[in-house]
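# Commentary on secondary and tertiary structure
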Amino acid sequence: MVLPSATLGRAIFPIVYVLTAVSFLSDLSFGLSSPTAGQLEFQDRELAMFMHFSMCTFAPNGGCEQDTACRSNPPSLFNPSGLNTTQWMQTAVDLGAKQICLTAHHTGGFALWNTNVTDYGIKESPWMGGKGDIVKEFTDSCREFGISPCLYFINDWDCWESNDTAPVYVQKQLDMLTELLTKYGTIDRLWFDFYGAGCTPAWCPAGSFPDGWAKVVAHVRKTSPSTLMLPGPDGCENPSESGDGIYPVINYINDTHPDTLGYDADRHQWWDFTTINVIHFGKTDEVVPPGTLQQMFLTLLGLSCSIASTVNVNFVLFSTLLFAVFSRCLYV
């Protein structure tokens, strides 16, 4: 039987269309984005808690490191009187959070672990006679409760070490990361704030960053291959803290990709989320009403947002109301 030409055309057209589409896609200069196993695990956790506990907690008049002159807060200020990481974990469980990010090394450079690299940390504080280790207590409690441990670590803003030469400064950052990644079991995630950025004189010595980022990434990959760096080479954060998400969401790699987030977008494929900070830690007068949070959540849901609750340790009872929503673009 011979098919009429119209019928034959209708039968052939879908085949030609598919073959043309496949040929077109194969010629494209960008690849299709797909998440890694670690990125999928991060996304599936859905809710995390950001634990801002550092010298900021004890500095007078709310004088956090980035708000005061570098080296202005002596280690003697750091002296917790009722530290209870078990309570932190129970709060996370009650909230439904599956991961906690602790500020192990914030902008002032104060180390929340017993480090041999810098002279600005718990070892120099009066807490537990200088023999305490908050990172150890934190990671031990995480594993007891089945919570994923994440450590915030800022490489390119360490006020305490900013007078070092660039090679010495970068090596100290690497050595501190070695301690964190080898003394406390597997750290699921490192939060590299200001990833990809360079220095100002008060942050770190000229010549240390952004050049030092390649060394940092290679060092983490070698020391702890399963650790996700996000923000970092595994994903970026929206630097806005206004409570807005990113739209449209982009899932491609292309040399002409606009670098709107301050990262080298042409090096990566993107799997997008969004970063949003709804309130500043410790300022309980700025708690966002539950109704507003609910509306933010519903608005951001379509942007693949994951949520992190920002908790000031001194106000941990308010944790269910202290929110920061984070969206991420995951590099693959």
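Residues numbered from 1 in each chain as written. Predicted model: local features only at pLDDT ≥ 70, side-chain atom pairs only at ≥ 80, totals over all residues. Heavy atoms only, no water.

### Quick look at helix α2 (residues 37-45)
An α-helical turn contains 3.6 residues, so any two residues separated by three or four positions project in the same direction. Within the span of α2, buried status applies to Q39, F42 and R45. The buried residues of α2 occupy one face: seen down the axis, they fall within an arc of 120 degrees. Turned more than 90 degrees away from the buried face of α2 sit A37 and D44, all of them exposed. Backbone geometry just after α2 places E46 at a positive phi near 65 degrees. (Buried < 20%, exposed > 50% of the residue type's maximum accessible area, 1.4 Å probe, protein only. Helix = DSSP H or I, 4+ residues; strand = E, 2+ residues; numbered from the N terminus. Arc of directions from axis to C-beta.)

### Some thoughts on the confidence of the model for the chain
The predicted model of the chain averages 74 in pLDDT, with 60% of residues at 70 or higher. Taken as a whole, residues 251-285 scores under 50 in pLDDT and shows 135 contacts with residues more than four places along the chain or in a different chain. Across residues 315-332 the pLDDT falls below 50, and counting only partners more than four positions away or on other chains, this stretch makes 111 contacts in the model. (pLDDT = per-residue confidence, 0-100. Contact = heavy atoms within 4.5 Å.)

### With respect to the pattern of salt bridges
In total, this model carries five salt bridges according to the counting rule given. For D164, the salt bridge is made with K172, and the minimal N-O distance between the two is 3.3 Å. Through salt bridges that share partners, E41, R45 and D188 make up one connected network. (Salt bridge = Lys/Arg side-chain N within 4 Å of Asp/Glu carboxyl O.)

### Side note on the side chain of T107
In this fold, T107 is placed in the loop between β2 (99-105) and α4 (134-145). What makes T107 buried here is its relative accessible area of 2%. There is a polar contact of 3.3 Å between the side chain of T107 and the side chain of H106. (Polar contact = N/O pair within 3.5 Å; in protein donor to acceptor, adjacent residues only side chain to side chain.)

### As for the pairing of strand β1 (residues 47-52)
Counting buried positions over the six residues of β1 gives six, a clear majority of the element. The alternating pattern of β1 places L47, M49 and M51 and A48, F50 and H52 on opposite faces, both of which are buried. In this structure, β1 lies alongside β2, joined through four bridges in parallel fashion. If you follow A48 over to β2, its bridge partner there is Q99. (Pairing = 2+ DSSP bridges.)

### What about unusual backbone geometry?
Put simply, F209 and P210 share a cis peptide bond, and its omega is 20 degrees. Among the secondary structure elements, P210 is positioned in the loop between β4 (189-191) and α6 (213-223). For the bond running from L230 to P231, omega is 5 degrees, close enough to zero to count as cis. Look at M128: it is not a glycine, yet its phi comes out positive at around 55 degrees. One non-glycine residue, F194, lies in the positive phi region at around 60 degrees. As for its position among the elements, F194 is in the loop between β4 and α6.

### Concerning the state of the cysteines
Per the stated rule, a full pass over the model turns up two disulfides. For C101, the disulfide goes to C150, at an S-S distance of 2.1 Å. Measuring the twist about the S-S bond at about 90 degrees, one finds the C101-C150 disulfide to be right-handed. Placement of the pair is C101 in strand β2 and C150 in strand β3 (residues 148-153), with a sequence separation of 49 residues. (Disulfide = S-S within 2.5 Å.)

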